[in-house]
Amino acid sequence: MGAMKRYEALAADIEASIRNGTLKTGDRLPSVRLTGESRGVSASTVFQAYYLLEARGLVRARDRSGYYVTGGGLRDAPPESTHTSRPAGGPLSLDVSGQVFDILEASMSRKVVPFGSAFPSPLLFPLARLGQFMAASAKSLDPWSTVDDLTPGSAALRRQIALRYLAEGIQSPAEEIVVTNGALEALNLCLAAVTRPGDAVIVESPTFYAALQALERRGLRAIEVPTHPGEGIDLGALEAAIAAHKPTACWLMTTFQNPLGSLMPDAKKKALVELLARHRLPLIEDDVYAELYFGERRPAPAKAFDTQGLVLHCSSFSKCLAPGYRIGWASAGRFAHQVAREKLTTTLATSVPSQLALAGYLEKGGLDKHLRKLRQTLALQQATFAQAVGHYFPAGTRATRPLGGYFLWVELPARANALEIHRKALERGISVAPGPIFSATRAFTHCLRLNYGHPWDSLSEQAMQTLGRLAGEAS
Ligand SMILES: Cc1ncc(COP(=O)(O)O)c(C=O)c1O
C-alpha cells in the first residue's frame, strides 16, 4: 500500500482493534474529542475515520450518543482483492464491441435489477433544481449566445469549470477547456488529437469497455498493462510496455478506476506523469468519478502534476450532478487547439441551453451540498452491498473496497464463469457486468462488476441472494 492518509491510518487501527476483539460489538468508540487528543489529530480527521468505519459497516452512529461497534461489517464483507492483473503482453487488435453491445443492451431495461449498470440511480440527482436553471437559461437566452457559445463552449461554463480546477490548485485556464457531449466525447476527441490509426495505446487491465470500443473504432491497438485493484497501473510494467511497444498515448483512470475502483496515491500519480513526460507520451486521463470520494477531499488528478501540458484531462457532470444533460469537457493542455478542431469537425458544438443551465447551477445551485449528500449515500450503500456480497457469495470470493465511486469488483473462485452467471442472472431479471467485457483478451472470466449506486431494498437483497447462489453453482 502507498502512504495512507491520517484518517485512513486511524480507521485501520480501530478496525484492527475490532478484529482482534479489543473492541467488541456494542462497545462505544471514545468520543471524537478524546480520540483526537489521544492520537494527536484534529477532530475532522477523527470524524473522517469514524465515517469511513461507518461506511464499512463496522460502527454505527447513534443520535447524539456517539459511535458504536456493530460487528456486522466484520462478519460479512469479503476479503479485499489485492492481486495485480497479469494481462498477456503485446498490442491487441480489437473486436470487443459486438459482445459489449449485446451485454449492455440486455441490461438496460428498467425492470432489471441494475447491478450491471454503469449509472447510479437517477433519483440521486437534483433534477428538479437543475430543471429550474434549465428553464431560466432558456427563457433568458441571449440570442447571440447561440452563436457565441458554440465550440469551444460557453464562456460562463468554462469559467465555472476553470474555477473548480483552481480550487484544486490546478491551472487550467478557460481557454484550454473544450465543452463536449459528456466525457465520452471528450475522450474520443482527445484520442483523435493524439493518435493515428494503427497506433498502439496503453490502457489498464481491466479497463472501461468504452475505452476498448473507442480504440477499436479508430483502428488503434490496445496494450493492456497490469493494474493493482488498490493503487492502479503498475509503473514498472508500464515502462516496460513503453519500451517494448512504442505506444503513442495512454488512456488511464488514476482515480476510482472503472471497473476496479483503484485510487493511485498522489506520489504515484506524480511518478506516472514524470515517466510519461520522459517519453513525451500524452496521457488521456478519464476522471469522471473523482467527485464521488468518501475521504476528506477530492483526490488530485494526474493533471495536477503535469508541467508539460501532456495530460488531456477529461471529465463530465454525468456521474455527479446532471445525468442526461450530456455535458462534459476536456482540459487538453498543449493539445487544446487540436481537440477544439476535432470537436468542430465532428459534432460542431454542445447544446447551448444545457451549458448555460449548468453554468447557472454551478454558480448558485448548491453543488457542494448536493455532492456531500451523494458521497455519504454512496459510501453507506457500498458498505451494505459489500456485506451482502460477503454474506451470499461463495467462500473464496474477494472484492474491492474503493474509497469512492459506485462499483465493486468481485473476484469469484477461479472456476466461476462470469458470462454464464450474467446469462443466468439476466433470465432472473438481474444484470451484472461480467469481467470479460473489460479486456480485449476476454480475461477476468471469474470476475463481476457490481453497481452499488442504487438504493438497497428487499429486491436488491433477493437479487444478491440469487446472484450468490448462481456464483456458488458456477464455482
Ligand atoms: C469510466 C467512464 N468514463 C466515461 C464515461 C462516460 O461519461 P459521460 O456519460 O459523461 O460521457 C463513463 C460512463 O459510464 C465511465 O464509466
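Along each chain, numbering runs from 1 in the same order as the chain's sequence is written. A pLDDT threshold of at least 70 governs which residues receive local features in this predicted model, and a stricter bar of 80 or more applies before side-chain atom pairs are shown or counted, although totals over entire chains, interfaces and linings include all residues. Water and hydrogen atoms play no part in the side-chain values, which are based on all heavy atoms of the structure.

## Focus on the pattern of salt bridges
Reasoning step 1: Salt bridge, as applied in this entry: a Lys or Arg side-chain nitrogen positioned within 4 Å of an Asp or Glu carboxyl oxygen. Summed over the entire model, instances satisfying the criterion amount to 15 salt bridges.
Reasoning step 2: We note a salt bridge from Asp 266 to Arg 297, for which the minimum N-O separation is 3.8 Å. One end of the pair, Asp 266, is in helix 12 (residues 266-278); the other, Arg 297, is in the loop between strand 8 (283-286) and strand 9 (311-316), and 31 residues separate them in sequence.
Reasoning step 3: Partly exposed residues are those whose accessible area sits between 20% and 50% of the maximum for their type, while under 20% is buried and over 50% is exposed, using a 1.4 Å probe and protein chains only. Looking at Arg 297, the relative accessible area reads 47%, which means it is partly exposed.
Reasoning step 4: Two residues, Lys 270 and Glu 274, come together in a salt bridge whose shortest N-O distance is 3.0 Å. One end of the pair, Lys 270, and the other, Glu 274, are both in helix 12, 4 residues apart, so they sit about a helical turn from each other.
Reasoning step 5: The class of Lys 270 is partly exposed, set by a relative accessible area of 40%. Segments assigned H or I by DSSP are reported as helices when at least four residues long, segments assigned E as strands when at least two residues long, and all are numbered from the N terminus.

## Overview of the packing of helix 6 (residues 127-139) against helix 14 (residues 352-364)
Reasoning step 1: With axes taken as lines fitted to C-alpha atoms, and helix axes fitted only over the stretch in contact, angles between N-to-C directions fall between 0 and 180 degrees. Their axes nearest at 8 Å, the elements helix 6 and helix 14 cross at an angle of 120 degrees. Here helix 14 runs oblique to helix 6, going by the angle between their axes. Along this stretch, helix 6 crosses helix 14, giving a crossing that reads as right-handed. Across the interface between the two elements, Arg 129, Leu 130, Phe 133, Met 134 and Ser 137 of helix 6 pack against Pro 353, Ser 354, Leu 356, Ala 357, Leu 358, Gly 360, Tyr 361 and Lys 364 of helix 14.
Reasoning step 2: The residue makeup of the contact of helix 6 with helix 14, split by class, is 8 nonpolar, 3 polar and 2 charged. Just so you know how the angles are binned, under 35 degrees is roughly parallel, over 145 roughly antiparallel, 65 to 115 roughly perpendicular, and the rest oblique. Crossing handedness is defined as follows: a turn of the near helix away from the far one that is anticlockwise and smaller than a right angle gives a left-handed crossing, while the clockwise case is right-handed. Two residues qualify as a contact provided that any one of their heavy atoms is within 4.5 Å of a heavy atom in the partner residue. Residues are sorted three ways: Asp, Glu, Lys and Arg are charged, Ala, Val, Leu, Ile, Met, Phe, Trp, Tyr, Cys and Pro are nonpolar, and all the rest, Gly among them, are polar.

## Points about the sheet that holds strand 12 (residues 407-411)
Reasoning step 1: Strand order in the open sheet formed by 4 strands is 11-12-14-13, with antiparallel pairing between adjacent strands. This sheet does not close on itself; its edge strands, each paired only once, are strand 11 (398-399) and strand 13 (433-434).
Reasoning step 2: Two strands pair when backbone bridges link them, and strand 11 and strand 12 are joined in this way by 2 bridges, in the antiparallel orientation. Of the residues in strand 12, the one forming a bridge with Arg 398 is Glu 411.
Reasoning step 3: Where helix 15 (residues 367-392) meets the sheet, it contacts strand 12 and strand 14 (447-451), and its direction lies at approximately 15 degrees from that of strand 12. In this scheme, strands are said to pair when DSSP sees at least two bridges between them.

## Some remarks on the site of the ligand
Reasoning step 1: Around the ligand there are 15 residues in total, and Asp 286, Tyr 289, Ser 316, Ser 318 and Lys 319 lie nearest to it.
Reasoning step 2: Residues adjacent in sequence count toward polar contacts only when both atoms are side-chain atoms; beyond that, a polar contact is any pair of N or O atoms within 3.5 Å, and within protein one must be able to donate a hydrogen and the other to accept it. Between an oxygen atom of the ligand and a side-chain N or O atom of Asn 258, the distance comes to 2.9 Å.
Reasoning step 3: Contact with the protein chains hides 95% of the accessible area of the ligand, taken as 400 Å² for the molecule alone.
Reasoning step 4: For the shell around the ligand, the element with the highest residue contribution is helix 9 (residues 182-194), accounting for 4 residues. Proximity is defined per residue: any heavy atom of the residue falling within 4 Å of a molecule or strand makes that residue near it. For accessible areas, the Shrake-Rupley method is used with a probe of radius 1.4 Å. Any residue's cover is judged against the shown protein chains and nothing else.

## Re the packing of aromatic side chains
Reasoning step 1: Here is the rule: rings of Phe, Tyr and Trp (six-membered ring for Trp) pair when centre to centre is within 6.5 Å. Planes less than 30 degrees apart are stacked, more than 60 are edge-to-face, and the remainder are tilted. Following the criterion strictly, the structure yields 13 aromatic pairs and no others.
Reasoning step 2: Ring centres of Tyr 209 and Phe 438 lie 5.6 Å apart, and the angle between their planes is 45 degrees; on these two criteria the pair is classed as tilted. Remark: Phe 438 occurs in the loop between strand 13 and strand 14 and Tyr 209 occurs in helix 10 (residues 209-217); sequence separation between them is 229 residues.
Reasoning step 3: For Tyr 209, a relative accessible area of 7% corresponds to the buried category.
Reasoning step 4: According to the relative accessible area criterion, Phe 438 is buried, its value standing at 0%.
Reasoning step 5: Consider the rings of Phe 317 and Trp 329, whose centres lie 5.0 Å apart with planes at 45 degrees: the pair is tilted. Of the two residues, Phe 317 is situated in the loop between strand 9 and strand 10 (327-331) and Trp 329 in strand 10; the sequence distance between them amounts to 12 residues.
Reasoning step 6: An aromatic cluster of three or more residues is present, and its members are Phe 208, Tyr 209, Trp 409, Phe 438 and Phe 444.
Reasoning step 7: Comment: the charge-over-ring label is applied if NZ (Lys) or CZ (Arg) is within 6 Å of the ring centre and within 35 degrees of the ring normal. When the ring centre of Phe 407 is taken as reference, the NZ or CZ atom of Arg 449 above it lies at 4.0 Å.

## Structural notes on the domain arrangement of the protein
Reasoning step 1: If you check the domain split of the protein, you get domain 1 (6-74), domain 2 (97-123 + 369-474) and domain 3 (126-367).
Reasoning step 2: As annotated, the domain borders come from an automatic or database domain assignment. A straight line from the C-alpha centre of domain 2 to that of domain 3 covers 25 Å.
Reasoning step 3: Across the contact, 32 residues belong to domain 2 and 31 residues belong to domain 3.
Reasoning step 4: Buried area adds together the accessible area that both of two parts lose upon being put together, with accessible area traced by a 1.4 Å probe. Summed over both partners, the interface of domain 2 with domain 3 comes to about 2700 Å²; 63% of that surface belongs to carbon and sulfur atoms.
Reasoning step 5: The interface formed by domain 2 and domain 3 includes 1 salt bridge.

## What to know about the state of the cysteines
Reasoning step 1: Criterion for a disulfide: a pair of cysteine sulfur atoms at a distance within 2.5 Å. Applying the stated criterion to the full structure yields 0 disulfides.
Reasoning step 2: Between Cys 250, a free cysteine, and Cys 190, which holds the nearest cysteine sulfur, the sulfur-to-sulfur gap is 13 Å.
Reasoning step 3: We note that Cys 320 lacks a disulfide partner, and the nearest cysteine sulfur, in Cys 314, lies 15 Å from it.
Reasoning step 4: A relative accessible area of 4% places Cys 320 in the buried class.

## A word on the pairing of strand 12
Reasoning step 1: When you tally the buried positions in strand 12, you get 5 out of 5 residues, the bulk of the element.
Reasoning step 2: Here strand 12 runs beside strand 14; their pairing, made up of 5 bridges, is antiparallel. Bridge assignment links Glu 411 to a residue of strand 14, and that residue is Cys 447.

## Some details on helix 11 (residues 235-245)
Reasoning step 1: What helix 11 keeps buried is the set Leu 235, Leu 238, Ala 241 and Ile 242. For helix 11, the angular spread of the buried residues around the axis is 115 degrees, confining them to a single face. Turned more than 90 degrees away from the buried face of helix 11 sit Gly 236 and Ala 244, all of them exposed.
Reasoning step 2: Close packing links the buried residues of helix 11 with strand 4 (200-205), strand 5 (221-228), strand 6 (232-233), strand 7 (249-252) and helix 12.
Reasoning step 3: Two or three places before Gly 236, at the opening of helix 11, Asp 234 has a side-chain oxygen 3.0 Å from that residue's backbone nitrogen. By definition, the arc is the one covered by directions from the helix axis to the C-beta atoms.

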